Amino acid sequence: DVKVTQSSRYLVKRTGEKVFLECVQDMDHENMFWYRQDPGLGLRLIYFSYDVKMKEKGDIPEGYSVSREKKERFSLILESASTNQTSMYLCASSPYDRGAGELFFGEGSRLTVL
Amino acid sequence: AQTVTQSQPEMSVQEAETVTLSCTYDTSESDYYLFWYKQPPSRQMILVIRQEAYKQQNATENRFSVNFQKAAKSFSLKISDSQLGDAAMYFCAYSIWGAQKLVFGQGTRLTINP
C-alpha cells in the first residue's frame, strides 16, 4: 500500500516561529502536494512539486515556502508563523499521469499558532 | 479559474437508505476529470470514485455511483444502502487533463443515523 507519512500530527507554535512540516512518501511518486484544510473552505492548494527541486505555487502560497531535495520528501515551511496559519495541513502524492493521477494523502498535521 | 461548489455543508441519512451529495463545477475546459474523496474522522482521505469527462457512462464503484451531467456541470454522488462506515467528510474535486493538481470543493459532512 502507498504510504504518505507526515512527521507531526499535532503542533503548537508561537507567533513568529519558523515551522517545518515534513512529508515522506514511499511509492516513488513524481508529484507531491501541500493542501490546507479549513472548515467551510475545503482544501486549498499551497504548493506542489512535480519533480525533485521543482515547485509551483498553488492558490494560497503567501507566507509559505517548500523544499524538495529528494523525490520522496516534500517539506512545507512557515518562515514566520502567524495566527491565521492555524489550520490542518494535508500532504499528498500522486504518480505522473497523462490525465490526472489519484492523490494519496497523509493523515494531516494540525497546526495551532498562538 | 476553475471552481468546485458543494452547497450542502451537512447531510444525514438513515442506515441502509440512499443519499445523494451534490457538486457543481465551473470550467471552460473540455477534457477534465472529476473525483469524490472521502475523509473519515481522524483518518486519511481516500478516493471514492473518479469520472473522465469524455466518458458518457456514469462511473460506479459498488454502492457508490455518480450522476455526471456535463452540460449542467453537475457531478453528484449517490451512496446506496448507507452504512455506519460511510460517515465522513466528502469532497468533490476537479482536475484539468494533464494538470496533475486537483481543485476541491468545500466538503459535505455526512452523518449516518443507526
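Here the structure is a predicted model, which means the values were calculated and not measured.

(A) Examining the overall build of chain A more closely. A tally of helices and strands in chain A yields 0 helices and 11 strands. In sequence order, the secondary structure elements of chain A are arranged as β-β-β-β-β-β-β-β-β-β-β. For chain A, the C-alpha radius of gyration of 13 Å lies close to 13 Å, the compact-globule estimate for 114 residues. Along the first, second and third principal axes, the C-alpha set of chain A runs to 40 × 30 × 25 Å. The buried share of chain A, reckoned over its 114 residues, is 48%. With an accessible surface of roughly 5600 Å², chain A has 49% of that area assigned to carbon and sulfur atoms. Here chain A contributes 16 positive and 17 negative side-chain charges, whose respective centroids are spaced 6 Å apart.

(B) Layout of the side chain of Gln85 of chain A. Residue and element names in this part refer to chain A. With respect to the helices and strands, the residue Gln85 is situated in the loop between strand S8 (73–78) and strand S9 (87–94). Given a relative accessible area of 4%, Gln85 falls into the buried group. In terms of polar contacts, Gln85 uses its side chain to reach the backbone carbonyl oxygen of Gly63, at 3.2 Å. Setting aside anything within four residues of it in sequence, one finds Gln85 in contact with Arg36, Gly63, Tyr64, Leu78, Ser80, Leu111 and Val113.

(C) Layout of the state of the cysteines. Residues and elements named next belong to chain A. Under the criterion given, the structure shown has 2 disulfides over all chains. Shown here is the disulfide that connects Cys23 with Cys91, its sulfur atoms set 1.9 Å apart. Since a negative S-S torsion denotes a left-handed disulfide, the Cys23-Cys91 link at about -80° is left-handed. Within this pair, whereas Cys23 is found in strand S3 (residues 19–25), its partner Cys91 is found in strand S9, the two being separated by 68 residues in sequence.

(D) Structural detail: the pattern of salt bridges. Residue and element names in this part refer to chain A. Summed over all chains, the structure comprises 12 salt bridges over all chains. Asp38 is the partner of Arg36 in a salt bridge, and the nearest nitrogen-oxygen pair spans 2.7 Å. For Arg36, a relative accessible area of 10% gives the class buried. Ionic pairing is found between Arg44 and Asp38, a salt bridge with its closest N-O pair at 2.9 Å. Because the salt bridges share partners, they merge into one network encompassing Asp28, Glu30 and Lys71.

(E) Up close: the sheet that holds strand S1 (residues 4–6) of chain A. All names here are of chain A. Spatially, S1-S3-S8-S7 is the arrangement adopted by the 4 strands of the open sheet, whose pairing is antiparallel. Each edge of the open sheet carries a strand with a single partner, namely S1 and strand S7 (65–70). Taking each pair of neighbouring strands and ignoring which way they run, the sheet shows an average axis angle of 20°.

How each quantity is defined
- Residues numbered from 1 in each chain as written.
- Chains lettered and ligands numbered in written order.
- Predicted model: local features only at pLDDT ≥ 70, side-chain atom pairs only at ≥ 80, totals over all residues.
- Heavy atoms only, no water.
- Helix = DSSP H or I, 4+ residues; strand = E, 2+ residues; numbered from the N terminus.
- Rg over C-alpha atoms; globule rule 2.2 N^0.38 Å.
- Buried < 20%, exposed > 50% of the residue type's maximum accessible area, 1.4 Å probe, protein only.
- Areas by Shrake-Rupley, 256 points an atom, 1.4 Å probe, with all protein chains shown as cover.
- Lys, Arg positive; Asp, Glu negative; His and termini not counted.
- Charge placed at Lys NZ, Arg CZ, Asp CG, Glu CD.
- Polar contact = N/O pair within 3.5 Å; in protein donor to acceptor, adjacent residues only side chain to side chain.
- Contact = heavy atoms within 4.5 Å.
- Disulfide = S-S within 2.5 Å.
- Salt bridge = Lys/Arg side-chain N within 4 Å of Asp/Glu carboxyl O.
- Pairing = 2+ DSSP bridges.
- Axes fitted to C-alpha atoms, helices over the stretch in contact; angles between N-to-C directions.

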